[in-house]
Amino acid sequence: MKTFYQVLINSVLSNITNMTVWFALIFFIYLETLSVTATSIVSGIYLVLTASLGIWFGSLVDHNKKKNVMILSGIISLIIYIAGFVMYISFPAETWKDPTSIPLWIFNVLLLVGVIAGNIRGIAVPTLVTILIPEEERAKANGLVGTAFGIAFLICSAISGLLVGAGGMYYVLILGIGMMIFSILHIWF
């Protein structure tokens with residue numbers, strides 16, 4: 001049970017991080033461009049990528065060690081968040097205000113891929129319930145996973161709004177990078 005709780009806490013922190021980046025990106029796009037169309041396009045891209053990659057992510061989880069795919073998920077998100085941060089600080093602020101800006105759309109899609117890579121963990125954690133928890137305790141463990149991920153979802157909307165309000169995507173990406181490093185190191189060891 002101790003291992004399961006550690007994996008669950010690690011995954012919740014990773015989930016909060018990824019969903020904070022996702023929510024923050026939506027807030028940021030709207031606040032910068034004042035375009036509902038831009039916001040809805042980003043949401044549509046997220047939906048299409050999530051739906052189209054779900055089966056492949058499931059096969060990755062099924063055919064590889066769960067720990068390895070969870071680490072891979074974190075590393076992909078980390079690399080993308082670092083690239084997004086470099087991009088964010090490299091372009092002038094006006095770049096993010098124009099809904100037709102090519103760097104804005106590259107930035108959006110880049111961060112969406114980083115967030116969606118985190119979905120691999122969301123697939124892996126329920127499979128770990130079967131592996132780590134005795135059969136008579138699985139219903140409780142599955143309920144705990146759902147509750148933990150639901151609470152994480154609530155937390156990230158508040159965190160992302162505060163971070164975007166305080167510093168645009170700067171603090172969001174700093175948090176994302178820091179938490180991904182922590183998450184990868186924690187699950188690694």
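Here, every reference points to the structure presented above.
Read on for an overview of the structure.

1. Quick notes on the layout of surface pockets
Part 1: In this model, the largest pocket occupies a volume close to 250 Å³.
Part 2: Residue lining of the largest pocket: Thr3, Gln6, Val7, Asn10, Lys66, Lys67, Met70, Leu128, Leu132, His186, Ile187 and Phe189, and that is the complete set.
Part 3: For the lining of the largest pocket, the secondary-structure elements that each account for two or more residues are α1 (2-33), α3 (66-90), α5 (119-132) and α7 (169-188).
Part 4: Of the residues assigned to the lining of the largest pocket, the class counts are 6 nonpolar, 4 polar and 2 charged.

2. Focus on the side chain of Ser101
Part 1: Take Ser101: it is sitting in the loop between α3 and α4 (102-117).
Part 2: For Ser101, a relative accessible area of 8% corresponds to the buried category.

3. Notes on the nonpolar core
Part 1: Counting residues in hydrophobic clusters, the biggest one holds 57 residues, and the most contacted among them are Tyr81, Phe107 and Met169.
Part 2: Where this core is concerned, the elements lending two or more residues are α1, α2 (36-63), α3, α4, α5, α6 (138-167) and α7.
Part 3: Ranked by the residues each element gives to this core, the list is headed by α1, at 14 residues.
Part 4: Setting aside residues up to four positions removed in sequence, Phe107 forms contacts with Leu25, Phe28, Gly84, Met87, Tyr88, Trp96, Met169 and Leu173.

4. What to know about the environment of Ser14
Part 1: Among the secondary structure elements, Ser14 is positioned in helix α1.
Part 2: Ser14 sits in the buried class, given a relative accessible area of 2%.
Part 3: Once the C-alpha coordinates of Ser14 and Met180 are considered, the two residues, 166 residues apart in sequence, prove to be 6.6 Å apart.
Part 4: Ignoring sequence-local partners within four residues, the contact set of Ser14 consists of Arg121, Met180 and Ser183.

5. Digging into the environment of Gly161
Part 1: With respect to the helices, strands and loops of the structure, Gly161 is situated in helix α6.
Part 2: With relative accessibility at 31%, the residue Gly161 sits in the partly exposed group.
Part 3: Once the C-alpha coordinates of Gly161 and Met19 are considered, the two residues, 142 residues apart in sequence, prove to be 12 Å apart.

Rules used throughout
Residues numbered from 1 in each chain as written. Predicted model: local features only at pLDDT ≥ 70, side-chain atom pairs only at ≥ 80, totals over all residues. Heavy atoms only, no water. 1 Å grid on protein atoms, 1.4 Å probe; cavity = no way out; pocket = protein on both sides within 12 Å on 5 of 7 lines; lining within 4 Å. Points joined across faces, edges and corners; volume = space filled by probe spheres on them. Helix = DSSP H or I, 4+ residues; strand = E, 2+ residues; numbered from the N terminus. Nonpolar A, V, L, I, M, F, W, Y, C, P; charged D, E, K, R; others polar. Buried < 20%, exposed > 50% of the residue type's maximum accessible area, 1.4 Å probe, protein only. Core = buried A, V, L, I, M, F, W, Y, C linked by side-chain atoms within 4.5 Å. Contact = heavy atoms within 4.5 Å.

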